[in-house]
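Given next are the chains, with one letter for each unit.
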Amino acid sequence: MKVPVLIVGAGPAGLTAAALLGRDGVGCLVLDRQDAVYPRPRAVHLDDEVYRILGRLGLAGSFAARSRPCHGLRLLDPDLRVLAEFRRSPGAGRHGYPEANMFDQPDLEHLLREHLATIGTVTLRGNAEVTGLAQDATGVRAEVTDRVTGARETVHADYVLGCDGANSLVRTAIGATMADLKFDQRWLVVDVATTADLGQWEGVHQVCDPRRAATYMRIGETRHRWEFRLRPGETAAEFGDFDRLHPLIEPWTGDVPAAELEIVRVAEYTFRARIADRWRDGRVFLLGDAAHLTPPFIGQGMGAGLRDAANLAWKLAGVLGGTLPESVLGTYETERKPHVRAMIRRAVLVGKAMTAGGRFGTLVRRVAVPRLNGRVIDSATPALRRSALVARPRFRRSPAGRLCPNALLDDGTRFDDVAGGRFAVVTASTPSETERAAIRQSGAVLVPAGRSRELHRWLRTGAALVRPDGTVLCAGRLSRILRRFL
Ligand SMILES: O=C(O)/C=C/c1cccc(O)c1
C-alpha cells in the first residue's frame, strides 16, 4: 500500500492533522492500536487559539454543543480562600471564541472521527499496530500488524507523522529521546456525574496544599472532574470505594447525597514534564504527546498537539502539492518548540506552587502567588520573529509573526471563515484590479478589512499576508507584499 501521509495514532493530534491534511486534499492513512476511542479520562480544556483550529475545520458549532465556556483559573489556599484569580472571557474574544473551554476528551475524539469519515482522502483503521519504520530519501516504509488477525503488511508513505502518544514507537524509531524537565507526580483523577447543582464558581479550582493538592472543575452539564495528589503508598484502588473518596470531594459537593453522585471513573495518572530532543528525522515527524508532555495544571497539554498539527499540516500539504519547497518543513520544530517549552515551564511552576512543601512552598504561596492576582497569564502563541517563514518585521509593533485576529467582517462572518485555511491577504485599502488578479492567481484569498475597526487598528501598516495557520507572514504596503511574496 502507498499513501502520501501515514499518521500513527488517532488521538486528538493525529485526528486533527488528518482532518487538516484531508481538507487540503492530501491522502492520509491513520492507524491506531485501539479499535475505538479510548474512554479513559484525559484532557478537559482548550483555549481560544486551539478552538480556532477546530473552527477552521468547520467544527466550531459541533464543539460548542459539546463543551462549556469556563470562567478561568483560581489558585486557592487549603481553606479554599482565593490566592489568585485569572479570568477568561466566556464570550467571543480576539480569536472569536470563548477563551477557556471545558469538555471531555472522548467527546472531542468522536467529533473528529465523525468529521474524518466525511473526508474522501482520509482512511482511519483501528487495531493496526505499527511495529517498525525505515526510511530513505524517497519515502518511509512502515511495518503494520493487524492486532485481530495477526496479518502483516508494509505501508509506503511519503511522510509519517508520529502522533502515537507518550510511549511513541515512532519516537524510538527515529532515535529521539525525551528530555526530563523535572516533574513527576502521581495524582488521582476522578470523574463524577450528577444532575445536582454543586453551586460552585464555573472555573478551575486549584488548591495549593502540600498535604493534599487538589483540582476541581465542572467539565459538562452533568460532569465534574477532581484531581488529588496521591501520597506515597496510596493507590487509586483505595479510592474506588465511595466512603473513602467522599471526604476528598465533599468540600465541593457539600450536602448533595451520595446517591446523587455517580462515580464514573477513578484512575491514577503520573503527571510529567518532558520534551523530545528532536521532533523530526527526515520524512518522519513527532506531534502531540510523542513530542512533549505537559503537566495538566494550566490545561495546555492536549492543545499543544492540535497546535503542532495546525503548524505542520499546511506546510506538508504545500510540499506534497509542489507549491512550497521542502525546506519549509524545517520550520515546524523551530516554531513550535519554544512555545511548548514555555507552556511546560508554566505548568510546572503552577504545579510547584500547588504542591511544594517546606519554606520554599510557603514563600511561593504567601508571597509570589498573591502577586499574580489579576495579571494576564495566558497561553498565547508568542510572535514568531526568527522563523524563515516570517518576514523580518520592520518595526517592533509589526503584526509579523503574530496570529491574525479572527475579526468580525462586514457581512457577519469572521476572518477565518473567509480565509478558510488558505493564504490570505488582508488589506485596509481597496486593491486595484491588477492587484486583485495577482492575489487570485497566487491562490491566496483577499480579505478586505472593510468597516472592521478591529482589523484597521490591527493592520496599521496597510496590509498583511497571513499563512493558512493564521500567523502573519509579513505586513506592510500591499504593493510590496505582492511584489515580494506573491
Ligand atoms: O488557565 C485556564 O484558563 C485554564 C486552566 C486549566 C484548565 C484545565 C485544567 C487545569 O488544571 C487548568
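What you see is a predicted model; the values in this text were computed from it and never measured.

### Some words on the pairing of strand β6 (residues 82-87)
Sheet topology note: the strand β5 (residues 72-76)/β6 ladder contains 5 bridges and is antiparallel. Residue pairing for β6: Leu75 is matched across the bridge by Ala84. The hairpin formed by β5 and β6 contains 5 residues between the paired strands, and Leu80 there has a positive phi angle of roughly 65°.

### Observations concerning the domain arrangement of the protein
Domain annotation for the protein reports domain 1 (2-66 + 103-178 + 275-358) and domain 2 (384-486). Relative to domain 2, the C-alpha centre of domain 1 lies at a distance of 28 Å. At the junction of the two partners, domain 1 supplies 11 residues and domain 2 supplies 17 residues. Across the interface of domain 1 and domain 2, roughly 1200 Å² is buried in total on both sides, 58% from carbon and sulfur atoms. Seen at the junction of domain 1 and domain 2, the total is 3 salt bridges. With a shortest N-O distance of 3.9 Å, Arg56 and Asp416 are connected by a salt bridge. Contributing elements (two or more residues each) for the side of domain 1 that touches domain 2: α2 (48-56), α7 (301-321) and α8 (331-355). Looking at the side of domain 1 that touches domain 2 element by element, the count peaks at 4 residues for α7. Grouping the constituent residues of the side of domain 1 that touches domain 2 by class yields 3 nonpolar, 2 polar and 6 charged.

### Side note on the environment of Asn167
Examined against the element boundaries, Asn167 turns out to sit in the loop between β11 (152-162) and α5 (169-173). For Asn167, a relative accessible area of 74% gives the class exposed. Between the alpha carbons of Asn167 and Asp289 there is a distance of 8.4 Å; along the sequence they are 122 residues apart.

### Considerations on the site of the ligand
Taken together, His45, Leu73, Arg88, Ala100, Val204, Gln206, Met217, Pro296, Phe297, Ile298 and Gly299 are the residues near the ligand. Within the side chain of Gln206, a nitrogen or oxygen atom sits 2.7 Å from an oxygen atom of the ligand. Within the complex, 96% of the 330 Å² of free accessible area of the ligand lies under protein. Across the shell around the ligand, the residue classes tally to 7 nonpolar, 3 polar and 1 charged.

### Concerning the sheet that holds strand β7 (residues 100-102)
With antiparallel pairing, 3 strands are arranged side by side in an open sheet as β3-β7-β4. The open sheet has two free edges, formed respectively by β3 (45-47) and β4 (68-69), since each of these has just one partner strand. Pairing analysis gives 3 bridges linking β3 to β7, with the strands arranged antiparallel. Pairing of Asp47 across the sheet is with Ala100, part of β7. Relative to the sheet, α2 contacts β3 and β7, its axis offset from that of β3 by approximately 90°.

Procedures and definitions
- Residues numbered from 1 in each chain as written.
- Predicted model: local features only at pLDDT ≥ 70, side-chain atom pairs only at ≥ 80, totals over all residues.
- Heavy atoms only, no water.
- Pairing = 2+ DSSP bridges.
- Helix = DSSP H or I, 4+ residues; strand = E, 2+ residues; numbered from the N terminus.
- Domains from an automatic or database assignment.
- Contact = heavy atoms within 4.5 Å.
- Buried area = accessible area lost by both parts, 1.4 Å probe.
- Salt bridge = Lys/Arg side-chain N within 4 Å of Asp/Glu carboxyl O.
- Nonpolar A, V, L, I, M, F, W, Y, C, P; charged D, E, K, R; others polar.
- Buried < 20%, exposed > 50% of the residue type's maximum accessible area, 1.4 Å probe, protein only.
- Near = heavy atom within 4 Å.
- Polar contact = N/O pair within 3.5 Å; in protein donor to acceptor, adjacent residues only side chain to side chain.
- Areas by Shrake-Rupley, 256 points an atom, 1.4 Å probe, with all protein chains shown as cover.
- Axes fitted to C-alpha atoms, helices over the stretch in contact; angles between N-to-C directions.

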